[in-house]
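Below, each chain spelled out in residue letters.
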Amino acid sequence: MRNAVIIPICTLLSLVGIFGLYLWQIGTGQKSLNHLPSTLINKPAPRFNLPPINRGGKGFSTKMLRGNVSLVNIWASWCIPCRVEHPYLMKLAQDGFSIYGINYKDDPKNANTFLKVLGNPYRAVGADHSGLTSIDWGVYGYPETFIVDSNGYIRYRHVGPLSETDLSNTIQPILKRLEN
Amino acid sequence: MNRLFILFTALILCSPTIKAVEPEEVLRDPKLEERARALSKGLRCLVCQNQSIDDSDANLARDLRILVREKLKSGDSDEEIIKYVVSRYGDFVLLKPPLNKSTFILWMGPVIIFIFGLIMVLFYMMRMRHAKKAIPLTEEEKNRLTSIRELR
């Protein structure tokens, strides 16, 4: 008779515990339902060689990632969250960090207008018309930002638009740590 | 009103089933196409996460379907293609999770719960059997019983 009372209560409490822990982790930002862990962390950046978005530009290839810590941002002019994070990319560029862009399935004309109107934070931009390079990077949401160290290894991945808190809490500390 | 209802039901029943795979994606070789369909049914679309890339209309799903077909055409094996996609997107991209360290509880959970239940049932049955064993009356109780009988 006593078991009939204790067992359901214990089951309920342990379930509350498990779900509570999960909710708490989401609340504190340790775990996100939308952000998948990247399998590319601590692996070399995929090999690619993308054409430029404007005639006479230099395009963007894996080789350019060697030698200094850089950010790789996957963006498109049609992507609204990309506009949201754009000022923060501009700020990072002004602070002297090197940012490269992969322009995902975009009309080069629109991409150029975007950069002309809002400013160009990128050292170089490569056009990914087929979307295959983005798949190589494991991209599934736009925008996405990767931090690549001076040896060409991916060290961090951010899915979705960057915010001011992302910049001060994660991006800038990681960049500074890698540069030292 | 009734007619309208019948009409709508008929329309719904007649509507063609929506398929994400578009005609121009289909490979000429039916054998390769069959493999492509089988592969894409097991791959998760990461944009709409509970659909396979075979079912999804998302842009990324379409790109992945085409990628799977390109790789099939160039002679890659099914395992090589799955390995490539997993290397980019992780185990999460597989709709059927593989058995490894992090999915051990997921796969073994039902077995563990079943064994636990079995132990509980055995334990219960043993207790029941134990309870059935009659304890013989003591001399004192026997005497009391005869005295009660004699009173009647």
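Residues numbered from 1 in each chain as written. Chains lettered and ligands numbered in written order. Predicted model: local features only at pLDDT ≥ 70, side-chain atom pairs only at ≥ 80, totals over all residues. Heavy atoms only, no water.

Here the focus is the overall build of chain B. For chain B, the count of helices and strands is 6 helices and 0 strands. Along chain B, helices and strands appear, N-terminal first, in the series α-α-α-α-α-α. The C-alpha radius of gyration computed for chain B amounts to 33 Å, which surpasses the reference 15 Å derived for 152 residues by more than 25%, pointing to a less compact arrangement than a globule. Seen through its C-alpha atoms, chain B measures out along the principal axes to roughly 100 × 60 × 25 Å. Residues counted as buried form 25% of the 152 residues belonging to chain B. Here the analysis covers contacts within chain B between residues at least 6 apart in sequence; of these, 51% occur between residues at least 24 apart. For chain B, the distance from the average position of its 25 positive side-chain charges to the average position of its 20 negative side-chain charges is 8 Å. (Helix = DSSP H or I, 4+ residues; strand = E, 2+ residues; numbered from the N terminus. Rg over C-alpha atoms; globule rule 2.2 N^0.38 Å. Buried < 20%, exposed > 50% of the residue type's maximum accessible area, 1.4 Å probe, protein only. Contact = heavy atoms within 4.5 Å. Lys, Arg positive; Asp, Glu negative; His and termini not counted. Charge placed at Lys NZ, Arg CZ, Asp CG, Glu CD.)

The subject of this paragraph is the state of the cysteines. Residue and element names in this part refer to chain B. One pass over the full model with this rule turns up 1 disulfide over all chains. Its sulfur unpaired, Cys 45 is 3.3 Å from the next cysteine sulfur, which belongs to Cys 48. Cys 45 sits in the buried class, given a relative accessible area of 1%. (Disulfide = S-S within 2.5 Å.)

Listed per partner, the contact involves 15 residues of chain B and 15 residues of chain A. Carbon and sulfur atoms supply 55% of the area buried between chain B and chain A, which totals about 1300 Å² over both sides. Taken as a group, Asp63(B), Arg88(B) and Tyr89(B) account for 43% of the area that chain B buries against chain A, more than any other trio of residues on that side. At the boundary of chain B and chain A, one finds 1 salt bridge. Note that Lys105(A) is salt-bridged to Asp63(B), the shortest N-O span being 2.6 Å. Where chain B meets chain A, there are 6 residue pairs in polar contact (both at pLDDT 80 or more). (Buried area = accessible area lost by both parts, 1.4 Å probe. Salt bridge = Lys/Arg side-chain N within 4 Å of Asp/Glu carboxyl O. Polar contact = N/O pair within 3.5 Å; in protein donor to acceptor, adjacent residues only side chain to side chain.)

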